[in-house]
Amino acid sequence: MNRMMILSKPALHQGFEQQRSLHHVGIHEFVHLLDKADGSTDGHPEALLPPPLLSPWVKLMHREIAAIKAGRSDINVYGSTNEAEFFSVVSEYFFQQPERLEKNHPALFDMLEKIFRQDLA
């Protein structure tokens, strides 16, 4: 992830062909690059998130990761691997099925709207 992203072409095509899927390698890996813009791939998108929202984002992340691990979430279990993977996995959800994310995880949806400066509602 040093100024270059290497993707599987079939996986990338699959992500665009299955537009409602929660799996999209292009979104997932691009979000890792966005995350790294502040110097580290850690799930804390400091380059995108205003400083006052960083602590609430981290608390929300920990709460959601705990829910995934406890089996109380529809977020892909891979998102519970670590904070960086959580950020990429929920970003896939945000862009692929925003209505479902807003319904099932409204606080997470609101925070991702702020991070990505999007209004998907």
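For clarity, every value in this text was computed on a predicted model and none was experimentally measured.

Trainee: Any chance you could explain the confidence of the model for the chain here in plain terms?
Mentor: Interpreting fine coordinate detail is not advised for predicted regions of low pLDDT. Averaged over the chain, the pLDDT score is 88; the fraction of residues at 70 or greater is 80%. For the chain, the element scoring lowest by mean pLDDT is helix α1 (residues 9-17), at 62; helix α3 (residues 51-69) scores highest, at 97.

Trainee: Mind showing me how you'd approach the pattern of salt bridges here?
Mentor: Oppositely charged side chains may form a pair once their charged atoms are brought near each other. Across all of its chains, the model carries one salt bridge by this definition. For Asp74, the salt bridge goes to Arg100, with nearest N and O atoms at 3.3 Å. Of this pair, Asp74 sits in the loop between α3 and α4 (83-96) while Arg100 sits in helix α5 (residues 98-104), and the two are 26 residues apart along the sequence. Given the relative accessible area of 27%, Asp74 is considered partly exposed.

Trainee: So what exactly am I meant to see when it comes to helix α6 (residues 106-116) here?
Mentor: Every α-helix carries 3.6 residues per turn, so stepping three or four residues along brings you back to the same face. All buried positions along α6 are accounted for by Leu108, Phe109, Met111, Leu112, Glu113, Ile115 and Phe116. Buried positions along α6 lie against α2 (25-36), α3, α4 and α5. Looking one or two residues past α6, Arg117 carries a phi angle of roughly 55°, positive in sign.

Trainee: I would appreciate a short explanation of the packing of aromatic side chains in the present structure.
Mentor: For any pair of aromatic rings, geometry is given as the distance between the ring centres together with the angle between the planes. All chains considered together, the criterion is met by seven aromatic pairs. Taking the centre distance of 6.1 Å and the plane angle of 45° together, the rings of Trp57 and Phe86 count as tilted. You can see Trp57 sitting in helix α3 and its partner Phe86 sitting in helix α4, a full 29 residues away along the chain. Judged by relative accessible area, which is 0%, Trp57 ranks as buried. Since its relative accessible area comes to 0%, Phe86 is described here as buried. Between Phe94 and Phe109, the aromatic rings sit 5.5 Å apart at their centres with planes inclined by 50°, giving tilted as the arrangement. Of the two residues, Phe94 is situated in helix α4 and Phe109 in helix α6; the sequence distance between them amounts to 15 residues.

Trainee: Quick question: what am I supposed to make of α4 here?
Mentor: Compared with an ideal rise of 1.5 Å per residue, which puts 14 residues at 20 Å, α4 spans 20 Å between its outermost C-alpha atoms and is within 8% of the ideal. Listed in full, the buried residues belonging to α4 are Ala84, Glu85, Phe86, Phe87, Ser88, Val89, Val90, Ser91, Glu92, Tyr93, Phe94 and Gln96. Where α4 starts, the residue carrying a side-chain oxygen 3.1 Å from the main-chain nitrogen of Ala84 turns out to be Asn82.

About the thresholds
Residues numbered from 1 in each chain as written. Predicted model: local features only at pLDDT ≥ 70, side-chain atom pairs only at ≥ 80, totals over all residues. Heavy atoms only, no water. pLDDT = per-residue confidence, 0-100. Helix = DSSP H or I, 4+ residues; strand = E, 2+ residues; numbered from the N terminus. Salt bridge = Lys/Arg side-chain N within 4 Å of Asp/Glu carboxyl O. Buried < 20%, exposed > 50% of the residue type's maximum accessible area, 1.4 Å probe, protein only. Contact = heavy atoms within 4.5 Å. Phe/Tyr/Trp six-rings, centres within 6.5 Å; stacked < 30°, edge-to-face > 60°. Expected span 1.5 Å × (residues − 1). Polar contact = N/O pair within 3.5 Å; in protein donor to acceptor, adjacent residues only side chain to side chain.

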